Amino acid sequence: MVSADRAPRAYLDHAATTALRPSAREAYLATADVLGNPTSIHASGRRARAALDDALDSIAADLGVPRTWLVLTSGGTEADNLAVRGGALGALAADPTRTAVAVCATDHPATLEAARALGTSHEVRELPVDADGRLDPGAVDEALADGRVGLMTLALANNETGILQDVEGLAAIARGHGTLVHTDAVQAVGHADLPAPGAVPLMTMTGHKIGAPVGVGLLVADPDVPLVPQSAGGGQQRGVRSGTLDAPHAAALAAALHETLGDAEAERARLRDLGARLRAGIRALDPSARLTAGDGVDVADHVVHVLFPGADAQSLLYLLDERGIDASAGSACSAGVTQASPVLEAMHVPEHLARGALRLSLGWTSTQDDVARVLAALPEVLERSRAVASLTR
Ligand SMILES: Cc1ncc(COP(=O)(O)O)c(C=O)c1O
């Protein structure tokens, strides 16, 4: 049984997962009651197929791509694996000299580890970022120049810092070298401008960051891109991703995406305002705090990532948690946060700063009260965290 702890909490961890949207819950439940496998030819199957088709039509219209570009998956991790491994292997099959894959050094393990898991078939080239966490177009050009890189993958918005990459600009460089591009847009949907429809041939999204339930993701994939399937089975979804088609999750994803993108302009402005209040409040209460994304660095609207010198991330989270505030240090997707974040290491953030990293992330249920609560708690939390950290140094 889940404990009935119902004390209201300030949830500032929407980058880990956000609240289920009522529209997505309703769409899920309504479709879950439709009996039938969407690939069965009988009337029940056809009803399930119609529900699935409605969902896919809605998603395709909202993303501005043909429906044939949509491959449903179980989440972002699976979509990333299909894109990175399936795309790199597909490129190699088409051209045996394409024996390398390039990955942004600060990317999520779902792409970094997927590239590494290619094993001996591929050399993995990690693309370095600068101190602002951004890829340098010149370095990308150089890394791809020998024409051996079959696929380059880069996250549009970093899952820890929220820092945005110029995906369209870097994709144009890659195209010049005949390199296929994949972007992980998991953290960007609803919080940053997505690439123009079709500008990037492979793009990952996941449902639970936008208000659909956990368990559904999407690879937006140009059907002309050869993808080697990463699981064998009944050949659904043009043979690229086998498995019974999941109409209820597709319906929930469609509802959540429609609401997210429909609301995006106003909602992004609202979150930018909450984020600005958080940053200003933090600067006022601790002038030594450093915002990880410096001035002029574009960041997704929902992430405020701060480095508190002399503090310790683990105790910060614990002390905030005690006060009813949910936050995060590194990515919630990586187990244990005591070790320095590889993202901050790749940005050459000094260890004494990296140890005091805090990620506050906003979402569609965030309010000014959430911001006020964290700002009210931080002075004491910082003092105590620094006291703890000084004992362990
Ligand atoms: C950038 C990024 N990519 C991929 C994932 C994995 O997505 P999922 O949890 O749907 O597997 C996450 C999860 O936090 C993420 O932030």
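Keep in mind the model is a prediction, meaning the values are calculated, not measured.

Turning our attention to a negative patch on the surface. A contiguous patch of negative charge on the surface is contributed by D130, D136, D141 and E142. Relative to the elements of secondary structure, E142 occurs in helix α5 (residues 137-144).

Empty space among the atoms can be located by rolling a probe the size of a water molecule over them. The space that makes up the second largest pocket amounts to roughly 260 Å³. Along the wall of the second largest pocket there are 17 residues; nearest its centre are R279, A293, V297, V299 and V303. When residues of the lining of the second largest pocket are traced back to their parent elements, those giving at least two are α8 (264-285) and β10 (303-307). Per-class residue counts for the lining of the second largest pocket are 7 nonpolar, 4 polar and 6 charged.

What the domain assignment lists for the protein chain is domain 1 (22-262) and domain 2 (264-392). A C-alpha centroid distance of 28 Å is found between domain 1 and domain 2. Contact residues are listed per partner, giving 27 residues for domain 1 and 26 residues for domain 2. Carbon and sulfur atoms make up 57% of the surface buried where domain 1 meets domain 2, a total of about 2200 Å² over both sides. On the domain 1 side of the contact with domain 2, E160, T161 and H191 bury the most area, a combined 33% of that side's loss. The tally of links from domain 1 across to domain 2 stands at 1 salt bridge. For R268, the salt bridge identified is with D193, shortest N-O distance 2.8 Å. Across the domain 1-domain 2 interface, the total number found is 9 residue pairs in polar contact (both at pLDDT 80 or more).

With that settled, the discussion passes to the sheet that holds strand β8 (residues 217-221). Spatial strand order, β2-β8-β7-β6-β5-β3-β4: 7 strands in an open sheet with mixed pairing. Looking at which strands have only one partner, the edges of the open sheet turn out to be β2 (70-73) and β4 (123-127). With direction set aside, neighbouring strand axes in the sheet form an average angle of 20°. As judged from the 4 bridges shared by β2 and β8, these two strands associate in the antiparallel manner. In the strand pairing of β8, L70 is matched with V220. Lying on the sheet, helix α2 (residues 43-63) is in contact with β2, β7 (202-206) and β8; it crosses β2 at an angle near 120°.

Right, let's talk about the side chain of D222 for a bit. Along the chain, D222 turns up in the loop between β8 and α7 (247-262). The charged side chain of D222 is buried without a salt bridge, its nearest counter-charge being R238 at 7.1 Å. At a separation of 2.8 Å, a polar atom in the side chain of D222 contacts the main-chain amide nitrogen of D224. Not counting residues within four places of it along the chain, the set of residues in contact with D222 comprises W69 and P201.

Cut-offs and rules
Residues numbered from 1 in each chain as written. Predicted model: local features only at pLDDT ≥ 70, side-chain atom pairs only at ≥ 80, totals over all residues. Heavy atoms only, no water. Patch = residues over 30% accessible without salt bridge, like charges linked within 9 Å, V, L, I, M, F, W, Y side chains within 5 Å. Areas by Shrake-Rupley, 256 points an atom, 1.4 Å probe, with all protein chains shown as cover. Salt bridge = Lys/Arg side-chain N within 4 Å of Asp/Glu carboxyl O. Lys, Arg positive; Asp, Glu negative; His and termini not counted. Charge placed at Lys NZ, Arg CZ, Asp CG, Glu CD. Helix = DSSP H or I, 4+ residues; strand = E, 2+ residues; numbered from the N terminus. 1 Å grid on protein atoms, 1.4 Å probe; cavity = no way out; pocket = protein on both sides within 12 Å on 5 of 7 lines; lining within 4 Å. Points joined across faces, edges and corners; volume = space filled by probe spheres on them. Nonpolar A, V, L, I, M, F, W, Y, C, P; charged D, E, K, R; others polar. Domains from an automatic or database assignment. Contact = heavy atoms within 4.5 Å. Buried area = accessible area lost by both parts, 1.4 Å probe. Polar contact = N/O pair within 3.5 Å; in protein donor to acceptor, adjacent residues only side chain to side chain. Pairing = 2+ DSSP bridges. Axes fitted to C-alpha atoms, helices over the stretch in contact; angles between N-to-C directions. Buried < 20%, exposed > 50% of the residue type's maximum accessible area, 1.4 Å probe, protein only.

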